[in-house]
Amino acid sequence: MLITHDTECALGLLVELLNTAPEVAGAEQLPDVAALDAFVVRGNISEVDSVTAVDLAAVHRLRGQLRDIFTAPSTRIAAELVNALVAAVNATPRLTDHDGHGWHMHYFAPHAALADHLAAELGMALGLILMAGERERLRRCEAPDCARVFVDLSRNRSRRYCDSRTCGNRMHVAAYRARQRSAGAADDVAVVVG
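Residues numbered from 1 in each chain as written. Predicted model: local features only at pLDDT ≥ 70, side-chain atom pairs only at ≥ 80, totals over all residues. Heavy atoms only, no water.

1. Some points on the overall build of the protein chain
And then number 1: The helix and strand inventory of the protein chain stands at seven helices and four strands.
And then number 2: Mapped in sequence order, the helices and strands of the protein chain form the string α-α-α-α-α-β-β-α-β-β-α.
And then number 3: Out of the 194 residues belonging to the protein chain, those deemed buried represent 37%.
And then number 4: Of the roughly 10,900 Å² that the protein chain leaves accessible, carbon and sulfur atoms contribute 55%. (Helix = DSSP H or I, 4+ residues; strand = E, 2+ residues; numbered from the N terminus. Buried < 20%, exposed > 50% of the residue type's maximum accessible area, 1.4 Å probe, protein only. Areas by Shrake-Rupley, 256 points an atom, 1.4 Å probe, with all protein chains shown as cover.)

2. Describing helix 5 (residues 75-88)
And then number 1: Between the first and last C-alpha of helix 5 there are 20 Å, a value that for 14 residues agrees with the 20 Å anticipated at 1.5 Å per step.
And then number 2: Three or more residues of helix 5 are buried, namely Ala78, Val82, Leu85 and Val86. Buried residues along helix 5 cover an arc of 90 degrees about the axis, so they all sit on one side. Facing away from the buried side of helix 5 by over 90 degrees, the exposed positions are Arg76, Asn83, Ala87 and Ala88.
And then number 3: Here the buried face of helix 5 lies against helix 4 (53-70) and helix 6 (114-131). (Expected span 1.5 Å × (residues − 1). Arc of directions from axis to C-beta. Contact = heavy atoms within 4.5 Å.)

3. Some remarks on the pattern of salt bridges
Think of it this way: side chains of opposite charge can pair up when their charged atoms draw near.
And then number 1: Applying the stated criterion across every chain, the model contains eight salt bridges.
And then number 2: Taking the shortest distance from any N to any O, the salt bridge between Arg94 and Glu47 comes out at 2.8 Å. Taken together, the positions of Arg94 in strand 1 (residues 94-96) and Glu47 in the loop between helix 3 (33-42) and helix 4 put the pair 47 residues apart, joining distant regions of the chain.
And then number 3: Judged by relative accessible area, Glu47 falls into the partly exposed class, the value being 22%.
And then number 4: Note that Arg157 and Glu136 form a salt bridge whose closest N and O atoms lie 2.9 Å from each other. Here Arg157 is found in the loop between strand 4 (149-151) and helix 7 (164-193), whereas its partner Glu136 is found in the loop between helix 6 and strand 3 (138-140), with 21 residues between them in sequence.
And then number 5: The structure contains a network of salt bridges with shared partners spanning Glu134, Glu136, Arg137 and Arg157. (Salt bridge = Lys/Arg side-chain N within 4 Å of Asp/Glu carboxyl O.)

4. Side note on the side chain of Arg139
And then number 1: Counting through the fold element by element, Arg139 comes out in strand 3.
And then number 2: Arg139 gets classed as buried once you look at its relative accessible area, which sits at 19%.
And then number 3: For Arg139, the side chain forms a polar contact with the side chain of Asp152, separated by 2.8 Å.
And then number 4: Engagement of the side chain of Arg139 in a polar contact is seen with the backbone oxygen of Arg157, the distance being 2.9 Å.
And then number 5: Excluding its chain neighbours within four sequence positions, the residues that come into contact with Arg139 are Phe70, Val149, Phe150, Asp152, Arg157, Ser158 and Arg159. (Polar contact = N/O pair within 3.5 Å; in protein donor to acceptor, adjacent residues only side chain to side chain.)

So, in structure tokens, the structure goes:
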């Protein structure tokens, strides 16, 4: 599957946005305008005017809509939700070559409201994943105590955890310790029987 640089960036931003929700992070990670502004800077989101409390509320609503698409029970339902999301913001495709990224497509009107900007860009990125038949790449971390999501861009679609250094390592260590306990218990049984 060929994913262009701008689509990969949009998918990364989508994951970051979804993982700011209180049900995922334990507490709201976008609690105020300052946090939203920091999100915009961190995400290197172009053509955004200063954000307001209205933007914050709209981004919170959008985050829920995007989670519904990400976790939809079928591709058909996800596609219907993407279509509705993109249509609601009147996506406006246009070529641009800003910030040394070469020519790429933006789907939002210049200086659109932040939530509309994100809805168009992230909705189209999700649409491209669906169109490529790659919906299974949209995943939830398999660690039982983690609710984070990620997009598996590995060649063989084998990624299981949101972060191999945290959840992945914890799960591997837990599995190793369980094997050690099981082997120790088997040794104890063998000694008693013998």
